[in-house]
Structure formats: C-alpha cells, structure tokens
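# Coordinate analysis (summary)
Read off the chains here:
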Amino acid sequence: SRFRQRSVYGHMISSRIYNAVSEDRAVILGRGGQFLLQGRPHAVNVCLTAPFETRLARIMEAMNIERVIAEDYLESSDRKRRDFIRYLYHEDVTDSCWYDITVDTKRFDSRAIENFLVRELTRIDRENPMSASDKMAYRSLALEKRVEIVLLKALSESNYIRVTVPDEGTVVLSGFLGSAAERAAAADLASAVDGVKTVDNKIVVSDYPVRPWY
C-alpha cells in the first residue's frame, strides 16, 4: 500500500540519519533531517536560500543553459523537493519554523557562511558536547527504525506493533496481533535484525480491533 511504502522509505532514511548523527560531527544534506533532529541540542538546522532570480542566474552560468530551460529546471527541482517532504513528513519544507538559521546566499558568500557555521557549531560542541549516552540514544533510534522496516515488510498487521529500544541492543515489542503465530513471527523477525541482542515480546494476542500506532 502507499502508506506502507512511505513508512518503509521514511524509516530507512531515519535510520541512516540517526546512525550518521551517532558518529558525531555529521552533515545531513536534505532528506528531511530538519524534521528528525528538530530541537535536539547537538543539531543545528540550517536553510540556505536566495531570491529566485539569483538562483536562476547561478544555474544558467553553472550549466551554461538558456533562461527558459533554467526556469523549468529550477521550478521542477523546487516542486520535487516540496513534494518529497510533503509525501514523507506531511510538512512544508519552506516553513522557517523548522530551521535554527536561515541565510540569504545572495548577501553572504560561501566562505563567510562557512566560517560563521563552523564558529557556532564549535561553540555548541564545546558548551554541550555529545556524550556516550547521547550517541547510544541515536544508535537506539536507528535500530528501532530498522526493526520497524523488517516488520512492515513482513507482517500485514505491523501497524499495530510498537517498537522501542530502551537500551542498546534491547528491543521491546508491544501492541496487538491477531494470532500467537504472528506474535512469535514478530519476535523472530526482530531478533534477526543486525544489532538486536534481546527481544522482550510484550505483544498481546487479540481478535478485537485496536487503533494502530501510526
């Protein structure tokens, strides 16, 4: 289904972003990282923007193309980016509330922007360094998403399962499934995911309709 495809793709991207962040000093370009890392003390969400005419002139020069072709290219690129974020996160990528810093690249050149960001990120890292427990938390989030991907692909009723990773390598499954066989299968699937050490299966077998976790 469309929902299942979107969920699998979204979890895949989330897992990769959380893994990258757990390594510290990562730069996430696009893919909705601003929605996954919003408000986290170790992340700074930056939006680089410029007026349409400025962007158009840059594309014409860089690609050596005529204005009409550059306009089509730029409008198509913007539309695809907006549609991707709307499809995956149901949000507006142009909404300034998702960004800590918005910089107009027409006014500031790339070297000035780079120096500013490096200075501020260095300050944040000095004042609030990422600890071992912070890195473990991000790895746990990544593992949670990997388990959810496997369950989504294999079990038609996986929307009724909730996956949590309270500590590294431990996966807790809760929620509802319609049979004991499905309950056992969920635990087996989770156990086979790379990084999972133990599975605490708290799934309840129930024939009653329940509200899915999504």
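See the structure printed just above.
Right, let's walk through the structure included here. Numbering of residues starts from 1 in every chain and runs along the sequence as written. Given that this is a predicted model, residues contribute local features only at a pLDDT of at least 70 and side-chain atom pairs are listed and counted only at 80 or more, while totals for whole chains, interfaces and linings are drawn from all residues. With hydrogens and water stripped out, all remaining heavy atoms of the structure feed into the side-chain values.

## Description of the overall build of the chain
Put simply, the rule is: Only DSSP runs of H or I with at least four residues qualify as helices, and only runs of E with at least two residues qualify as strands; both kinds are numbered from the N terminus onward. Taken over C-alpha atoms, the radius of gyration is set against a globule rule of 2.2 Å times the number of residues to the power 0.38. Note on exposure labels: buried denotes an accessible area under 20% of the residue type's maximum, exposed denotes more than 50%, and partly exposed covers the range between, all computed with a 1.4 Å probe on protein chains only.
Scanning the chain from terminus to terminus reveals seven helices and six strands. Ordered by position from the N terminus, the helices and strands of the chain form the series α-α-β-α-α-β-α-α-β-β-α-β-β. Taking 214 residues into account, the globule formula puts the C-alpha radius of gyration at 17 Å, and the chain, at 21 Å, lies well above it. Summarising its shape, the C-alpha atoms of the chain cover approximately 65 × 45 × 25 Å along the three principal directions. For the chain, buried positions account for 35% of its 214 residues.

## Some points on the nonpolar core
The cut-off we apply is this: Definition of nonpolar core: a set of buried residues of the types Ala, Val, Leu, Ile, Met, Phe, Trp, Tyr and Cys, connected through side-chain atoms within 4.5 Å. Two residues qualify as a contact provided that any one of their heavy atoms is within 4.5 Å of a heavy atom in the partner residue.
One finds Leu37 and Tyr89 to be the most contacted residues of the largest nonpolar core, which totals 17 residues. Those elements that place two or more of their residues in this core are helix H1 (2-22), helix H2 (33-36), helix H4 (67-89) and helix H6 (132-154). Once you skip the residues sitting within four places of it in the chain, Leu37 turns out to touch Ile17, Tyr18, Val21, Ala43, Asn45 and Tyr138. Membership of the second largest hydrophobic core comes to 15 residues, among which are Val163, Val165, Leu173 and Val196.

## Concerning the packing of aromatic side chains
Our working definition: Only Phe, Tyr and Trp rings take part, Trp by its six-membered ring, and two of them pair if their centres are within 6.5 Å. Stacked means planes under 30 degrees apart, edge-to-face means over 60, and tilted covers everything else. Whether a charge sits over a ring comes down to the Lys NZ or Arg CZ being within 6 Å of the ring centre and within 35 degrees of the ring normal.
Under the definition given, this model contains four aromatic pairs. Ring centres of Phe35 and Trp98 lie 4.7 Å apart, and the angle between their planes is 70 degrees; on these two criteria the pair is classed as edge-to-face. Separated by 63 residues along the polypeptide, Phe35 in helix H2 and Trp98 in the loop between H4 and strand E2 (101-104) bring together distant segments of the chain. This pair shows no difference in class: Phe35 is buried, exactly as Trp98 is. Stacked on the ring of Tyr87, the Lys or Arg Arg6 has its end atom at 5.9 Å from the ring centre. The lysine or arginine in question, Arg31, covers the ring of Phe84, its NZ or CZ lying 5.3 Å from the ring centre.

Geometric values such as these leave the question of function open.
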